[in-house]
Number of protein chains: 2
Amino acid sequence: MKPLDAISISLPPWLPAVDGLFDPRPTVEDRMALVLELVAHNIEDGGGPFAAAVFDADGRLVAPGVNRVVPASASIAHAEIVAIAAAGQRLGTWNLAGRGAHQLVTSAEPCAMCLGAVPWSGATSLVTGARDADARAVGFDEGDKPDGWERLLAARGIEVIRDVGRARATELLQHYLRTGGEIYNG
Amino acid sequence: MKPLDAISISLPPWLPAVDGLFDPRPTVEDRMALVLELVAHNIEDGGGPFAAAVFDADGRLVAPGVNRVVPASASIAHAEIVAIAAAGQRLGTWNLAGRGAHQLVTSAEPCAMCLGAVPWSGATSLVTGARDADARAVGFDEGDKPDGWERLLAARGIEVIRDVGRARATELLQHYLRTGGEIYNG
């Protein structure tokens, strides 16, 4: 077995080469457009149909994340978890809030695990594309979330903006299903 | 900034050298005793007061995890997340259930994020030490969990065994507080 030295989740080699990755993105629609482009790339690469990214207050990308569950042998390697950890490690802090407002943009409403991760990250806002129901329609289990989770995030000072690019995000989930992608629920 | 190649969470160097780490541990009490020893080591090393471990059906350790939030600059590096990812990477699978029954033993009831991670891991049972209330009493935020989470895990076929070593687990949390450990909520 692998020695007990570290866990490591690689980002796909195509990711840093995405065109315009670090271009400023003033609107949430601009940011979601990038995230959905990462979804399309990840599906094409044989990965899961989910992506996320952390942006700073100026709309500049801090770190992207894509679903790496299967290639990394890590059930926890959802796009949001990867993006949050990558952002922290790029900035050298566990707490994004200490470096100003940060926004987590994700291609689908976060599952129970990723939802729980949002307040710990220090992100000050959350932007989502596809809804739970859209991901469940494809066969993905979103887990057991607390009722009224949007309200609970708001109560923690985290703004939630839903349904940004929802149609395209849902189309990508359905494309994944049609092309025979693995549904890797636990 | 760090390049976009991977996220990495190192395990502390003292961890593989813990005495009797891979000894068979037939009972949940034996397994929790190891996990609480890892908590004590992690506090002494300046880390957070939380540890977890994945055991196979024979009570043999597959992978340990300790809280690495501060040293790894990763808010998601809770002990359970680290243990689940380390177990998957050691076995070369995202799904522990595919390799037989696996038990996640954790020094405190999982926070909202780690709770959400349990079903994705394929673990078939969860053993907890300190209660939510014990962690909250020290100042740790456990997040917004769904009501009746033990029942929800049971409904997914995941057995929950609580309060194993609770007194010692709580004592360690209080020791951390007394010695001035950082409370790193988001």
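None of the values given here were measured: they were computed from a predicted structure. (Residues numbered from 1 in each chain as written. Chains lettered and ligands numbered in written order. Predicted model: local features only at pLDDT ≥ 70, side-chain atom pairs only at ≥ 80, totals over all residues. Heavy atoms only, no water.)

Asks: Help me out: how do you make sense of the pairing of strand β3 (residues 61–66) of chain A in this one?
Replies: Every other side chain in a regular strand lies on the same face of the sheet, so the side chains alternate between the two faces. Residues and elements named next belong to chain A. Along β3, 6 of the 6 residues are buried, which leaves the element largely enclosed by surrounding structure. Where strand β2 (residues 51–56) meets β3, 5 bridges bridge the pair, whose relative direction is antiparallel. Among the inter-strand pairings, A52 is bridged to a residue of β3, identified as G65. What sits between β2 and β3 in their antiparallel hairpin is a turn of 4 residues, with G59 showing a positive phi close to 75°. (Buried < 20%, exposed > 50% of the residue type's maximum accessible area, 1.4 Å probe, protein only. Helix = DSSP H or I, 4+ residues; strand = E, 2+ residues; numbered from the N terminus. Pairing = 2+ DSSP bridges.)

Asks: Whenever I open this one, helix α7 (residues 166–178) of chain B confuses me. Can you help?
Replies: Along an α-helix, residues three or four apart share an orientation, since each turn contains 3.6 residues. Residues and elements named next belong to chain B. For α7, which comprises 13 residues, the first-to-last C-alpha distance of 18 Å matches the rise-based estimate of 18 Å (1.5 Å per residue) to within 8%. Buried-residue contacts for α7 involve α1 (28–44), β4 (102–108), β5 (125–130) and α5 (132–138). Of the residues flanking the end of α7, it is G180, one or two places downstream, whose phi is positive at about 80°. (Expected span 1.5 Å × (residues − 1). Contact = heavy atoms within 4.5 Å.)

Asks: Is there a simple way to explain the relation of the copies chain A and chain B in this structure?
Replies: Two copies of a chain can be linked by a rotation about an axis combined with a shift along that same axis. It takes a turn of 180° to lay chain A on chain B, together with a shift of 0.0 Å along the axis; the resulting RMSD is 0.0 Å. Classification of the inter-copy transformation places it as that of a two-fold axis. (Least-squares fit on C-alpha atoms with pLDDT ≥ 70 in both.)

Asks: Which parts of the structure should I look at to understand the nonpolar core?
Replies: Generally speaking, a soluble globular protein has its nonpolar side chains buried in company with each other. Counting 134 residues, the largest nonpolar core has I76(A), L104(A), M113(A), I76(B), L104(B) and M113(B) as the members making the most contacts within it. What M113(B) contacts, discounting residues up to four positions off in sequence, is I81(A), M113(A), G116(A), A117(A), W120(A), S75(B), I76(B), H78(B) and I81(B). (Core = buried A, V, L, I, M, F, W, Y, C linked by side-chain atoms within 4.5 Å.)

Asks: Explanation requested: the pairing of β2(A) in the structure shown.
Replies: Residue and element names in this part refer to chain A. The element β2 is extensively covered by neighbouring structure, given that 5 of its 6 residues are classed as buried. Two elements, β2 and strand β4 (residues 102–108), share 5 bridges in a ladder whose sense is antiparallel. Residue pairing across strands places A52 opposite T106, the latter belonging to β4.

Geometry only, nothing functional implied.
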